[in-house]
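Per-entry structural report
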Amino acid sequence: MIAFDSIAQMLQDTEQSGLPLWENILESDCRRQDLPRARSLERMGAMLDAMVQADESYQAQDRSHSGLSGGDGAKMTLYAAGDPLCGPLLSQVMAGALRMGECNACMKRIVAAPTAGACGVLPAVLLPCARHFSLSREQLVQALYVASGFGMVIAARASISGAEGGCQAEVGSASGMAAAALVSVLGGTPEQMAHACAMALSNTLGLVCDPVAGLVEVPCVNRNVMGAVNALSCAEMALSGVESAIPCDEVIDAMRAVGDALPASLRETGGGGLAATPTGRRIAEQM
């Protein structure tokens, strides 16, 4: 049983509690799991530490067993250090998403946030922004609570499984969680967090899951980049006052309906999308 059945309930409960959203999510989860507050904070801190360690463990020479992944994170990191088209912060976010996605493909230790296939989005958004805005470890832990609160509702009302709901359920969910977390850590209101999440999910509706050769590599790693950039843009819009025309819960419900409507070939079976292209099939045969 989750702490909240809807984003609307989570926000209403937070307003009534008088607590910041992150803290209300923490307290609600502690009650749900019968967990001491200090233990919950310790566990979330460990999640953050694992994200940092995964990013720091990246090695440019590492390659996945298939040979499809590796080295691109290093290329983007080097490019971001120059005069990148998208500016230094956004380019660092893109590089971080590539590095984390490649770490997953190379069987390194990552944090499923909310899944392994979408593990690059949340750390790629939070870690570069932490450096850029001089955010503390405490602030990042608080942001992870916000991400987890939104993620729990998405998982309950829709899905975080690519096999069930397509890539919208994995990278899309991660993007919505990251957008809300970023708004939180930059001082936005709970309502703005919900708008950011809603817009990020809206932008990824219908995103299919079509891994080449059934591996979480192509196009999964690059889609983490898209999810991270989408999160930043939606957080920026929400912080400026832009609102989602459709409430967050309704967007989540729509995501569920879209996922249910996707044919099986576009839900992690490797039978459609990029996996079904001539090159995709050839790679699968070689595997």
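Residues numbered from 1 in each chain as written. Predicted model: local features only at pLDDT ≥ 70, side-chain atom pairs only at ≥ 80, totals over all residues. Heavy atoms only, no water.

A separate point is the confidence of the model for the protein. Any segment with low pLDDT has predicted coordinates that should not be analysed in fine detail. When pLDDT is averaged along the protein, the result is 97, and 99% of the positions lie at 70 or above. Mean pLDDT values for the elements of the protein range from 95 in helix α2 (residues 21-33) up to 99 in helix α10 (residues 190-204). (pLDDT = per-residue confidence, 0-100. Helix = DSSP H or I, 4+ residues; strand = E, 2+ residues; numbered from the N terminus.)

Cis peptide bonds are those with omega within 30 degrees of zero, and the linkage from Ala113 to Pro114 qualifies with 5°. Of note, Pro114 is situated in the loop between α5 (88-105) and α6 (121-133). Although it is not a glycine, Asp34 sits at a positive phi angle of roughly 55°. With respect to the secondary-structure elements, Asp34 resides in the loop between α2 and α3 (37-56). Taking the relative accessible area as the measure of exposure, Asp34 reaches 70% and is therefore exposed. At Met107, a position not held by glycine, the phi torsion is positive, near 65°. Following the sequence through the fold, Met107 ends up in the loop between α5 and α6. A relative accessible area of 74% means that Met107 is categorised as exposed. (Buried < 20%, exposed > 50% of the residue type's maximum accessible area, 1.4 Å probe, protein only.)

Under the definition given, this model contains 12 salt bridges. Taking the shortest distance from any N to any O, the salt bridge between Asp72 and Lys75 comes out at 3.4 Å. Residue Asp72 and its partner Lys75 are both found in helix α4 (residues 72-80); the two are separated by three residues, about one turn of the helix. Judged by relative accessible area, Lys75 falls into the exposed class, the value being 58%. Connected through shared salt-bridge partners, Glu23, Glu27 and Arg37 make up one network. (Salt bridge = Lys/Arg side-chain N within 4 Å of Asp/Glu carboxyl O.)

This brings us to α10. Relative to the 21 Å expected for 15 residues at 1.5 Å per residue, α10 spans 22 Å between its end C-alpha atoms, a close match to the ideal helical length. Residues of α10 that are buried: Met193, Ala194, His195, Ala196, Cys197, Ala198, Met199, Ala200, Leu201 and Thr204. Structurally, α10 contributes buried residues whose contacts are with α1 (7-17), α2, α7 (137-157), α9 (171-185), α11 (220-240) and α12 (248-261). Directly after α10, the chain includes Gly206, whose backbone phi takes a positive value near 85°. (Expected span 1.5 Å × (residues − 1). Contact = heavy atoms within 4.5 Å.)

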